[in-house]
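Structure at a glance
Chain by chain, the residues run as shown.
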Amino acid sequence: MTQTPRRNAARVRWWRWRSNPLRRRSDRVEAWIVLLSWCLAVLCGALAAPVAAGAVRDALAAERAQARPVSAVLTERAPRTPPATSDGSGGDTVWATVRWTAPDGTGRTGRAEAEPAAAAGRRVTVWTDRAGALVEAPLSATEAQFQAVGTGVLAGAGAAAAVWACGRLARRRLDRLRLERWDAEWARVGPQWRRRMTG
């Protein structure tokens, strides 16, 4: 019993690409669309991921550079019970009114997080921008890196999916054109075929 050479298996695998009398022009176009779609999807995904990650990393680094920790004083006793969160459990901190000094020397007041039932006059750390206005605490370097990587992965996957979807739309349009051509061909050949069949 003889085995089929491996060379024939390779030929079968590339059937769509070799010359074949049954292959239509639309088959060649579809093969190129598939190849280009996959290549462009990989390329766009590989380019979009580091660009998006770098943009997020730079933006978060700029936020960290502008935010400054400032010592503030509670102007009132903090509430005893933290507000309930969306899952029904209480948080670890409460909101209370605090007072701090801005870089220009003026006194400012605002709402900041503090420990429950903290006494008035207790010091807490708040984050301000260069003008002295309260801002959210910036992400740590590790958190910023994690967010940048996550954004890069999502951007790369989104770019690749968009290119792949465009390729699918092009193939659907090609299939529609094929069906229209087949309908036109059958409208021309069908009556002749029926005459031959019925004699």
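The model shown is predicted, which means the values in this text are computed figures rather than measured ones.

Regarding the layout of surface pockets
If you add up the space inside the largest pocket, you get close to 260 Å³. Elements with a minimum of two residues in the lining of the largest pocket: β3 (107–114), β4 (123–128) and β5 (134–135). Taken together, Leu60, Glu63, Gln66, Ala67, Asp129, Val135, Glu136, Ala137, Pro138 and Leu139 form the lining of the second largest pocket. At 3 residues, helix α2 (residues 25–66) tops the list of elements feeding residues into the lining of the second largest pocket. When the residues that make up the lining of the second largest pocket are grouped by side-chain class, the tally is 6 nonpolar, 1 polar and 3 charged.

Thoughts on a positive patch on the surface
A grouping of Arg168, Arg172, Arg173 and Arg176 is seen on the molecular surface, where their side chains present a positively charged patch. Along the chain, Arg172 turns up in helix α3 (residues 141–198). Classification of Arg172 by relative accessible area gives exposed; the value is 52%.

Some details on the pairing of β4
Burial along β4 is one-sided: Val124, Val126 and Thr128 are buried, while Arg123, Thr125 and Trp127, pointing the other way, are not. As paired elements, strand β1 (residues 68–74) and β4 share 6 bridges and run antiparallel to each other. Bridge pairing in β4 links Pro69 to Trp127. In this sheet, β5 lies alongside β4 in antiparallel orientation, the contact comprising 2 bridges. The partner of Trp127 across the bridge, within β5, is Val135. Between β4 and β5, which pair antiparallel and follow one another directly, the connecting turn spans 5 residues, one of which, Gly132, has a positive phi of 95 degrees.

Re the packing of α2 against α3
Viewed as axis vectors pointing N to C, α2 and α3 meet at an angle of 160 degrees, and their least axial separation amounts to 7 Å. One finds that α2 runs roughly antiparallel with respect to α3. At the point where α2 passes α3, the crossing takes the right-handed sense. When grouped by side-chain class, the residues that make up the contact of α2 with α3 number 23 nonpolar, 9 polar and 6 charged.

Remarks on the pattern of salt bridges
For the structure shown, the criterion picks out 6 salt bridges. A salt bridge links Arg111 to Glu76; its shortest N-O distance comes to 3.4 Å. Remark: Glu76 occurs in the loop between β1 and β2 (94–101) and Arg111 occurs in strand β3; sequence separation between them is 35 residues. When its relative accessible area of 45% is taken as the criterion, Arg111 is described as partly exposed. Overall, Glu76 belongs to the partly exposed group, its relative accessible area being 31%. In this structure, Asp175 and Arg178 form a salt bridge, with 2.8 Å as the shortest nitrogen-oxygen distance. Of this pair, Asp175 and Arg178 both sit in helix α3, 3 residues apart, which is roughly one turn of that helix. Among the charged side chains, a salt-bridge network with shared partners connects Glu30, Arg171, Asp175 and Arg178.

Rules of the game
Residues numbered from 1 in each chain as written. Predicted model: local features only at pLDDT ≥ 70, side-chain atom pairs only at ≥ 80, totals over all residues. Heavy atoms only, no water. 1 Å grid on protein atoms, 1.4 Å probe; cavity = no way out; pocket = protein on both sides within 12 Å on 5 of 7 lines; lining within 4 Å. Points joined across faces, edges and corners; volume = space filled by probe spheres on them. Helix = DSSP H or I, 4+ residues; strand = E, 2+ residues; numbered from the N terminus. Nonpolar A, V, L, I, M, F, W, Y, C, P; charged D, E, K, R; others polar. Patch = residues over 30% accessible without salt bridge, like charges linked within 9 Å, V, L, I, M, F, W, Y side chains within 5 Å. Areas by Shrake-Rupley, 256 points an atom, 1.4 Å probe, with all protein chains shown as cover. Salt bridge = Lys/Arg side-chain N within 4 Å of Asp/Glu carboxyl O. Lys, Arg positive; Asp, Glu negative; His and termini not counted. Charge placed at Lys NZ, Arg CZ, Asp CG, Glu CD. Buried < 20%, exposed > 50% of the residue type's maximum accessible area, 1.4 Å probe, protein only. Pairing = 2+ DSSP bridges. Axes fitted to C-alpha atoms, helices over the stretch in contact; angles between N-to-C directions. Parallel < 35°, antiparallel > 145°, perpendicular 65-115°, else oblique. Left-handed = near helix turned anticlockwise from the far one by under 90°.

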